[in-house]
Structures are given as C-alpha cells and as structure tokens.
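The primary structure of each chain is shown beneath.
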Amino acid sequence: MDLPDGWTTNTVRVNGVELRYYRTGDGPTVVLAHGFYSNGRCWERLAADLADEYELVMYDARGHGRSDAPESGYGIEDRVADLVGLVGALSLDDPILVGHSMGGSTAAWTAATHPDLPRAVVLEDPAGVHGPPDTGPDERARMVRENVREWSNRSFEELVADHDDREPALARRLAVANAECRPQIAEITREGYPPLVDAFPDIECPTLVLKADADPATRAADLDLADELTDGRLVHVPDAGHCVLRDEYEAAYAELRTFFRRLSFDADY
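One structure accompanies this document, and this report is about it. Just so it is clear, the model here is predicted, and its values are computed rather than measured. (Residues numbered from 1 in each chain as written. Predicted model: local features only at pLDDT ≥ 70, side-chain atom pairs only at ≥ 80, totals over all residues. Heavy atoms only, no water.)

Observations concerning unusual backbone geometry
- Positive phi, normally seen in glycine, also occurs at Asp94, with a value near 55°.
- Within the fold, Asp94 resides in the loop between helix H2 (76-89) and strand E5 (96-100).
- In this structure Asp94 comes out as partly exposed when scored by relative accessible area, which is 41%.
- Unusually for a residue other than glycine, Asp239 sits at a positive phi of about 70°.
- One can find Asp239 in the loop between strand E8 (232-236) and helix H9 (244-247).
- Given the relative accessible area of 63%, Asp239 is considered exposed. (Helix = DSSP H or I, 4+ residues; strand = E, 2+ residues; numbered from the N terminus. Buried < 20%, exposed > 50% of the residue type's maximum accessible area, 1.4 Å probe, protein only.)

Printed below as a string of structure tokens:
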C-alpha cells in the first residue's frame, strides 16, 4: 500500500467489522471521515498541512478502501457505531471530528447522539442538508452498483483520467479509492441520509459547516439550518462545489484553521 511519508496504518475490529485506519502527526487528535466513493488516504493534503500541530486519524468506512464490506449494516446507526467504536478502540481523547459528505453525516450524527465524545465538529458539505434526492432508493442503489462494476472493468489509467481536473497525485488517490469500492456500498444510498435538521439541535460542541457555493435562496436555507446549532457557524466557500476542500482549498483551509485556532484559545482560557 502506497502511504505518504510519516503515515502508519493498522486495523481495528469494531461493531463487527475490521476497519483500516491511518495515523500521522502529533498533538490534539483530529478524526477524519471521508465521503462516498473515497477512502482515508484521500485526506493526504489536509493531513500534511495539519500534522505539525495535530494527530490525524483517518479511516476507511465500511465497504470503502481496505475496510470490510459486509452485506448489511450501512445505515446511519451502523456508521456512527463504527466511528464511535474506532475512537474507543484507539483510546482517542476528546477528538475533533471532520467529515465530508457521507462522512459529514456520520460526524454530525455522532456528535448529536454522543455529545460527550467530540471536542468539536467540522462538516464539509455534509449529506442530509437538503433532504432526499429525486431518485428512489432502488434506483440509487442500482446506479452505485453499476458504477462500481464499471470501475472494476477499467484500467487504472482510465480511472485516473476521470479525475484529470485534479492535480496528478490526488487524481491517482481518487482513482485508487474508486477501484477499492465494493458493491455493498450501494446499501448506503438505499438507506439514504437522515435530515440534519433533526441532528443539529442536539449537537452541543462547537461546529463549523463548510458549504459549497450556492444561489441566494439555497444560501438562506443553509443559514437557517445552521441556526439550529447550539454553537455553530456555516460558511459558503465562494466557487466551491461539493468537494469544498478540493475545489477551493486555500479558502476552505483558512476557515478550518481559524476554527481550530479559536478552539485552542478557548482551551487556554
């Protein structure tokens, strides 16, 4: 397995599955939960920038990367139990949870249902903000299985070419992530993402939501949702799409670092 310099990897058995995880850096712990079709190694750039001040723990969600892919257990309760189990098994103290899309949903519901677990939460365009998609659960699952089957029949270089809008190292990481997806992840889309409007009122820790750029009506709806957070701030990052930290890294990273700095200041005083 090709790992960035300074990373270590191992597995832990939690909630009935073996989860692959990666560690780097030193300091307060940040646990990163990736999005759908991705894996823990795709956090490489952010981890490199944070590793001098933080310990980063990145894991492959079930059905992704090098983690187990059981036939069932892909609902939000299972994904929360996986994350909570990982934190407990590794004895991670007061971690900051960072999640993108699917991982953002997992981090948000973890904070809502286990309020004593996280120090803070960062949600990068989390799934479940605007309700379910127009397609039904069977159609969503079918499309995912078709994508995974197609990727398994293509060459690696063809998969890399799908991400030619990204810098080469990231394009290769994303191609590997696509190739490692198992068809069982279709059950995540069949289950869907519960609406975050039901989770936000129960999140007690400081929360930063990094959202994709949007039209004024969508921005207003997003900000109304963020008002449900006890201690939260939502930022629309100009020109960013769903992958906020990949699309507009410098602007999104500045917001994240400012949020982390304020957490440090609060801890000092």
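Notes on the sheet that holds strand E2 (residues 17-25)
- Overall, mixed pairing links the eight strands, which are arranged E1-E2-E4-E3-E5-E6-E7-E8 in an open sheet. Each of the sheet's edge strands pairs with one partner strand only, and the pair in question is strand E1 (8-14) and E8. Neighbour-to-neighbour, the strand axes of the sheet open up by a mean angle of 20°, direction not taken into account.
- Both strand E3 (residues 29-33) and strand E4 (residues 55-59) contribute to a ladder of five bridges, which runs parallel. Looking at E4, one finds that Leu32 is bridged to Met58.
- Contacts from helix H3 (residues 102-113) reach E3, E4, E5 and strand E6 (120-124) within the one sheet, and its direction differs from that of E5 by about 145°.
- Sheet contacts for helix H8 (residues 216-226): strand E7 (207-211) and E8; angle to E8, the most-contacted strand, approximately 165°. (Pairing = 2+ DSSP bridges. Axes fitted to C-alpha atoms, helices over the stretch in contact; angles between N-to-C directions. Contact = heavy atoms within 4.5 Å.)

Concerning the nonpolar core
- In terms of nonpolar packing, the biggest core is built from 36 residues, with Val31, Tyr59, Leu86, Phe200 and Ile203 touching the most fellow members.
- Contributions of two or more residues to this core are made by E1, E2, E3, E4, H2, H3, E6 and H8.
- Setting aside anything within four residues of it in sequence, one finds Leu86 in contact with Val12, Val14, Tyr21, Val31, Val57 and Tyr59. (Core = buried A, V, L, I, M, F, W, Y, C linked by side-chain atoms within 4.5 Å.)

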